[in-house]
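# Structural overview
Given next are the chains, with one letter for each unit.
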Amino acid sequence: MTETPSPARMHALSDETRATVDVVLDYARRRALYEDVPLDKPLTPRDLARLASGSITPAGIGARRAAALFENVLAPACVSTDHPGYLSFIPSAPTKASIAFDLIVSASAIYGGSWMEGSGAIFAENEVLHWLAGEFGLPAGAGGVFVQGGTIGNLSALVAARDAARRRNREAGHPDPARWVVVCSAEAHSSIASAAEVMDVDIAKAIPDAAGRLHGDAVAAALEVHGDAVFAVVATGGTTNFGIVDDIASIAAVTTERGVWLHIDGAYGLAAMLVDRTRLLFAGVEHADSVIVDPHKWLFAPFDACALLYRDPSIGLRAHTQKAEYLDTLTDAADWNPSDLGVQLTRRARGLPLWYSLATYGTDEYRAAITYGIDLARRIADEIESREGLSLVRDPQLSVVVFRRDGWTLADYQAWSERLLDDQHGFVVPSSHAGEPVLRFAIISPLTTFELLTSILDTLA
Ligand SMILES: *Cc1c(COP(=O)(O)O)cnc(C)c1O
């Protein structure tokens, strides 16, 4: 029964490898076209050990058995982030075109790190990046790279910012500060603290206003305290918890005047700049030195991709280009090498699913799908306000709605949340605000309906 191992068995065009590819593509096709995506839920390590262990063996268990194990046991133990009732964290809602094209990226073995190897793919990715840069009001020379996610995007941008500050000091004959400082809002995403940790720099948290927005005066005050030690200011274009957009214009006025790098963390919210109604909320982004937005959030691409843009990509290049003898042939050329713009070397052409989907449907469909989420958030916020026993914590700015069920403790919220998932009705985990438990709907999917949301609210009665 067991095949004799032979070096090319796993690669050759045999009946066996053809059947293996078919098994996988058949399942992928079915999953991509599910009429009712199951929400599913996690299992314990114990249950999974009981149901799914023993798949790694010297002779293998075969394509069919392994695929069946995935379909019947492992996949149902993963919550579907594209389910219309998935409303926690930031959901995903990849377009059909982007899901399907992701399979082509996998099948094509493209090295997306260097122009020499991946020029066609990189050209297409750059078309998307340049379109985004234009929408954000960045100058024609702006450019960047798709990196793994917002965390790596923020880290890469901040590393470039510090490198630029160091070079400026060196050229001016100034010593570097004992500790570099990055200024951000107290409401900034945890990935900024993670980047600061990795870079061994300090964070100065500027105080936002009562509505959670950071303004230029608070940034100016932080710059007053920390002076030349500050190498970057981070403004958030849509906080994850509330969708709050900082007052970027007033912050940019301060950073421009002081000559400090301005980074915009728009991982979730900057997509709303593509929509006329919310574009003005982001005024000032055009002054940014670097910007990120995650296509795997509100630009309807599959995991995982972050578009990182630099006003002046040569600064990113100077900071990130890796030097090695075996790479000299790449780094000596004047080519556009995406690896040189972020913390990475080998790179999947992870911007291609978004490119294909944008090319397929056109940008108007994207604007419409983003608008839908903003409208739905407004509508459900009004509904929450009108219901006895529920109260809105803040008016939604984008597509995140935070509210509370009067009189409930964290334990009440948790029990309710578990029941909602057990019933496969929705995935809504409690969040917290100012030390108090709250509920939060993060709306991304155009398949999330008002009726689904009100049916979830009904269970809070
Ligand atoms: C999600 C998010 C991040 C982190 O992005 P990942 O892709 O999860 O690494 C950073 N900043 C903000 C504002 C986010 O919403």
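Residues numbered from 1 in each chain as written. Predicted model: local features only at pLDDT ≥ 70, side-chain atom pairs only at ≥ 80, totals over all residues. Heavy atoms only, no water.

## Notes on the domain arrangement of the protein
- Domain parsing of the protein yields domain 1 (1-77), domain 2 (102-361) and domain 3 (367-458).
- Centre-to-centre separation of domain 1 and domain 2, based on C-alpha positions: 37 Å. (Domains from an automatic or database assignment.)

## A look at the site of the ligand
- Near the ligand, the surroundings consist of 14 residues, among which Gly-150, Thr-151, Asp-265, Asp-294 and Lys-297 are the closest.
- Between the ligand and Asp-265 there is a distance of 2.6 Å, counted from a nitrogen atom to a side-chain nitrogen or oxygen.
- One of the side-chain N or O atoms of Asp-294 is found 2.7 Å from an oxygen atom in the ligand.
- For the ligand, whose unbound accessible area comes to 380 Å², protein coverage reaches 87%.
- Counting only elements with at least two residues in the shell around the ligand, the list comes to α6 (150-172) and α11 (295-298).
- Each residue belonging to the shell around the ligand can be placed in one class, and the counts come to two nonpolar, nine polar and three charged. (Near = heavy atom within 4 Å. Polar contact = N/O pair within 3.5 Å; in protein donor to acceptor, adjacent residues only side chain to side chain. Areas by Shrake-Rupley, 256 points an atom, 1.4 Å probe, with all protein chains shown as cover. Helix = DSSP H or I, 4+ residues; strand = E, 2+ residues; numbered from the N terminus. Nonpolar A, V, L, I, M, F, W, Y, C, P; charged D, E, K, R; others polar.)

## Regarding the packing of helix α4 (residues 96-108) against helix α14 (residues 352-361)
- Taken N-terminus to C-terminus, the directions of α4 and α14 make an angle of 135°; their axes are 8 Å apart at the nearest point. By the angle between their axes, α4 is oblique relative to α14. Classified by chirality, the crossing of α14 by α4 is right-handed. In contact with Lys-96, Ala-97, Ser-98, Phe-101, Asp-102 and Val-105 of α4, α14 contributes Leu-352, Pro-353, Trp-355, Tyr-356, Ser-357, Thr-360 and Tyr-361.
- Looking at the contact of α4 with α14, its residues break down into eight nonpolar, three polar and two charged. (Axes fitted to C-alpha atoms, helices over the stretch in contact; angles between N-to-C directions. Parallel < 35°, antiparallel > 145°, perpendicular 65-115°, else oblique. Left-handed = near helix turned anticlockwise from the far one by under 90°. Contact = heavy atoms within 4.5 Å.)

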